[in-house]
Amino acid sequence: MSMLLLQATQAIADAVQSAPKGAMDTPIKWLEWTGIHMSPWKIIGIVGTLMFGGRWLVQFIASKRHGKPVIPRLFWYMSIIGSLMTLSYFVFGKNDAVGILGNLFPAFTASYSLYLDIRHRGWKRDRASH
């Protein structure tokens, strides 16, 4: 099963890599004076990584406020958005099967956890029900 998934992921990455380069792969001109060579895809990847990592700060603040471990709903939203942004960077920008696999599963897990949170607590949950 995992070998089949790896082969499918590599086939997607190979197909994307053979596609012609576009505006998303071209370095941003107004950043050239800084010595930073960054394409729009790289910005999407960096923002996604910051979003995915920043969710831990959200979880830390929520837990500190409640005096116990708490995972707020914003944690799941940041997980999904950050994972999908980073996944899109690895699929369309970097064409890296390792990055694709590393970000595909967190997106699925966070989506399922958000679904369970909404199902268990509803859309407008009580703050005291953590």
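Details of the structure are given in the entry above.
Residues numbered from 1 in each chain as written. Predicted model: local features only at pLDDT ≥ 70, side-chain atom pairs only at ≥ 80, totals over all residues. Heavy atoms only, no water.

In this structure, what is going on with the packing of aromatic side chains? I would like to understand it.
Between two aromatic rings, the relevant description is the distance of the centres plus the angle of the planes. Using the criterion set out here, one finds five aromatic pairs in the structure. On the basis of an interplanar angle of 75 degrees and a centroid distance of 5.1 Å, the ring pair of Trp56 and Phe75 is categorised as edge-to-face. You can see Trp56 sitting in helix H2 (residues 40-66) and its partner Phe75 sitting in helix H3 (residues 73-94), a full 19 residues away along the chain. Its relative accessible area of 2% is what places Phe75 among the buried residues. Relative to Trp76, the ring of Phe75 has its centre 4.9 Å away and its plane inclined at 90 degrees; by these criteria the two rings are edge-to-face. (Phe/Tyr/Trp six-rings, centres within 6.5 Å; stacked < 30°, edge-to-face > 60°. Helix = DSSP H or I, 4+ residues; strand = E, 2+ residues; numbered from the N terminus. Buried < 20%, exposed > 50% of the residue type's maximum accessible area, 1.4 Å probe, protein only.)

Any chance you could explain the side chain of Ser79 here in plain terms?
Position of Ser79 among the secondary structure elements: in helix H3. Within the structure, Ser79 has its side chain in polar contact with the side chain of Arg55 (distance 3.0 Å). (Polar contact = N/O pair within 3.5 Å; in protein donor to acceptor, adjacent residues only side chain to side chain.)

Any chance you could explain the environment of Leu114 here in plain terms?
Within the secondary structure, Leu114 sits in helix H4 (residues 97-121). On a C-alpha basis, the gap between Leu114 and Phe75 in space is 9.1 Å, while along the polypeptide they are 39 residues apart. Apart from the residues lying within four places of it in its own chain, the contact partners of Leu114 are Arg73, Trp76, Tyr77 and Ile80. (Contact = heavy atoms within 4.5 Å.)

In short, geometric facts, not functional conclusions.
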